[in-house]
Amino acid sequence: MRTFTTLFCAAVAVAGTTQFLAAAPDDVPTHTLTSTDATAGWTELREALRPPQVPAAWQVTPPTTEEQAKFYLPFLLALEDKAQDFYTKFPKDAHAVDARKQEFELTALALHLGATNQQARLDAVEKSLLSDPSLTENDRFGLRKNDIERAAEAKQSGGRAAALAEYEQGVRTLQKEFPNHPETMEMLLQIARSSEPSHARPLLQEIAASTAPDDVKEQAASELKKLDAVGKPVDLQFTAVDGRDVDLTKLKGKVVLIDFWATWCGPCVGEIPHVKEAYDKLHSQGFEIVGISLDKDKDSLTKFVGEHKMEWPQFFDGLYWQNKYARQFGIESIPAMWLLDKKGVLRDVDGRADLSDKVTKLLAE
């Protein structure tokens, strides 16, 4: 689940502040404004956007969804009302639409935390915002994008494929509503990166041939380059940071994961427990891992690998995104996990998803 901090930042961004100030745990704001003029009212509303100080126990044990909801919902519901009070009292003020945006974001967050009775309010606020002639196209796009992301998130209980399908359907609708908005192609790129090659390829070709920003088209071209490598042997030889010689041609008969990663990459570090779990479970059956590190500092890499007991060899050249193999194989984002079958043929460029299951199937071939 996304953290409260991440979501709260979106809720308060329109107020011009995302700094978290410690408030007393019971310091829940009142539901109405005390100010009688718009300037003071806007200041009061901004000052109200101070999340309560979380329980000390959360620093030791991360809270459950239920614990977060119980703690934060009273605060969020009060803030929703306060934002509504501002634009109700001062409908002609320049910040009235910003207050509506705040109410929308806060209501969406409350809904995310389980307050299902907030759906009607969210729909009403969104309808009101979309009918406001002062709302920019980017604001309208953002509202609709939030709708799509929430709909996809609601499908997560049905599995990753169901959520992705819902997301893609929403993006296609968004394309019709905003045919010239560049971000739709970025969203399609995200879908392609999470899809099987047979589905990803036409999406990437569509992006590459579109009027998307050049950087998005370049990323799509890189993804296509990776897909072109699927079904072909991967040639890779190097001396690892610990002195081991690595040659994929000598690992025939093994299933190999090539893990493009870095110690500075949060998602990469977040995947380490899953990668280690698969390695510990399947290494004795013929599963090997080869790390391709995009780190800049060799000592930091060596220390990190030792502390996390990562037993597989690591390639390092200190060139960051210009890493030899990252450039050779078109790696534009990490973590990137490639799976090779027992013949040394690249079979999957998204080993991150269901890694243990995929490795098990390849070992059985």
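Scope of this entry: the structure provided in the associated data block.

Here is what the cut-offs are and how they apply
- Residues numbered from 1 in each chain as written.
- Predicted model: local features only at pLDDT ≥ 70, side-chain atom pairs only at ≥ 80, totals over all residues.
- Heavy atoms only, no water.
- Patch = residues over 30% accessible without salt bridge, like charges linked within 9 Å, V, L, I, M, F, W, Y side chains within 5 Å.
- Areas by Shrake-Rupley, 256 points an atom, 1.4 Å probe, with all protein chains shown as cover.
- Salt bridge = Lys/Arg side-chain N within 4 Å of Asp/Glu carboxyl O.
- Lys, Arg positive; Asp, Glu negative; His and termini not counted.
- Charge placed at Lys NZ, Arg CZ, Asp CG, Glu CD.
- Helix = DSSP H or I, 4+ residues; strand = E, 2+ residues; numbered from the N terminus.
- Buried < 20%, exposed > 50% of the residue type's maximum accessible area, 1.4 Å probe, protein only.
- Arc of directions from axis to C-beta.
- Contact = heavy atoms within 4.5 Å.
- Polar contact = N/O pair within 3.5 Å; in protein donor to acceptor, adjacent residues only side chain to side chain.
- Pairing = 2+ DSSP bridges.
- Disulfide = S-S within 2.5 Å.
- Axes fitted to C-alpha atoms, helices over the stretch in contact; angles between N-to-C directions.
- Right-handed = clockwise from strand over helix to strand, strands pointing away.
- Left-handed = near helix turned anticlockwise from the far one by under 90°.

1. What about a negative patch on the surface?
So, step 1. A cluster of acidic side chains, namely E186, D214, D215 and E218, defines a negative patch on the protein surface.
So, step 2. In terms of residue count, helix α10 (residues 214-229) provides more of the negative patch than any other element does, 3 residues in total.
So, step 3. In this fold, E186 is placed in helix α8 (residues 183-193).

2. Here we look at helix α2 (residues 38-48)
So, step 1. Taken together, the buried positions of α2 are occupied by A38, G41, W42, E44, L45 and A48. For α2, the angular spread of buried residues about the axis comes to 160 degrees, placing them on one side. Across from the buried face of α2, at angles greater than 90 degrees, the exposed residues are T39 and E47.
So, step 2. In this structure, the buried side of α2 is in contact with α3 (65-89) and α4 (96-112).
So, step 3. For α2, the N-terminal capping position is held by D37, with its side-chain oxygen 3.2 Å away from the main-chain nitrogen of T39.

3. A short note on the pairing of strand β6 (residues 336-340)
So, step 1. Where burial is concerned, most of β6 is hidden: 5 out of the 5 residues are buried.
So, step 2. Summarising the sheet, strand β3 (residues 255-261) and β6 pair through 5 bridges and their orientation is antiparallel. Following the sheet pairing, D259 is matched in β6 by M337.
So, step 3. Of the pairings in the sheet, the one linking β6 to strand β7 (residues 346-348) comprises 2 bridges and is antiparallel in character. Its bridge partner being in β7, L339 is matched across the sheet by D348.
So, step 4. Counted between consecutive antiparallel strands, the loop separating β6 from β7 contains 5 residues, among which G344 sits at a positive phi close to 85 degrees.

4. A short note on the pattern of salt bridges
For side chains bearing opposite charge, pairing can occur when the charged atoms are close.
So, step 1. This structure, assessed with the given rule, holds 22 salt bridges.
So, step 2. Across the pair R352 and E271 runs a salt bridge whose closest N-O atoms are separated by 2.9 Å. Taken together, the residues R352 in the loop between β7 and α14 (355-363) and E271 in helix α11 (residues 266-282) connect sequence positions 81 residues apart.
So, step 3. Taking relative accessible area as the criterion, R352 reaches 37% and is therefore assigned partly exposed.
So, step 4. For E271, a relative accessible area of 12% translates into the label buried.
So, step 5. Linked by salt bridges that have partners in common, E80, D81, E103 and R121 make up one network.

5. Describing the state of the cysteines
So, step 1. In this structure the tally under the stated criterion is 1 disulfide.
So, step 2. Linked covalently through their sulfurs, C265 and C268 form a disulfide whose S-S length is 2.4 Å. An S-S torsion of about 75 degrees defines the bridge between C265 and C268 as right-handed.
So, step 3. You can call C268 buried: its relative accessible area is 4%.

6. Some points on the sheet that holds strand β5 (residues 314-315)
So, step 1. Read across the open sheet, the 5 strands follow the order β5-β4-β3-β6-β7; overall the sheet is mixed. Only two strands of the sheet have a single partner each, and these edge strands are β5 and β7.
So, step 2. Sheet analysis places strand β4 (residues 287-293) next to β5, joined by 2 bridges and oriented parallel. Bridge pairing in β5 places I292 opposite F315.
So, step 3. Against the sheet, α11 engages β3, β4 and β6, with an angle of about 155 degrees to β4.
So, step 4. The sheet contacts of α14 involve β3, β4, β6 and β7, and relative to β6 the element is tilted by about 15 degrees.

7. Some remarks on the pairing of β4
Note on strand geometry: in a regular strand, side chains alternate between the two faces of the sheet.
So, step 1. β4 sits mainly inside the fold: 7 of its 7 residues count as buried.
So, step 2. Side chains F287, I289, G291 and S293 of β4 all project onto a buried face; the interleaved residues E288, V290 and I292 project onto the opposite face, where all are buried too.
So, step 3. In this structure, β3 lies alongside β4, joined through 7 bridges in parallel fashion. Bridge assignment links W261 to a residue of β4, and that residue is S293.
So, step 4. Assessed by its sense of winding, the connection that carries the chain from β3 through α11 to β4 is right-handed.

8. Comments concerning the packing of helix α9 (residues 197-208) against α10
Two packed helices can be described by the angle between their axes and the distance between those axes.
So, step 1. Contact pair α9 / α10: the axes reach a minimum separation of 9 Å and the direction vectors enclose 145 degrees. Handedness of the crossing formed by α9 with α10: left-handed. Note on element contacts: α10 touches α9 through V216, K217, A220, E223, L224, L227 and D228, opposite P197, A200, R201, L204, Q205, I207 and A208.

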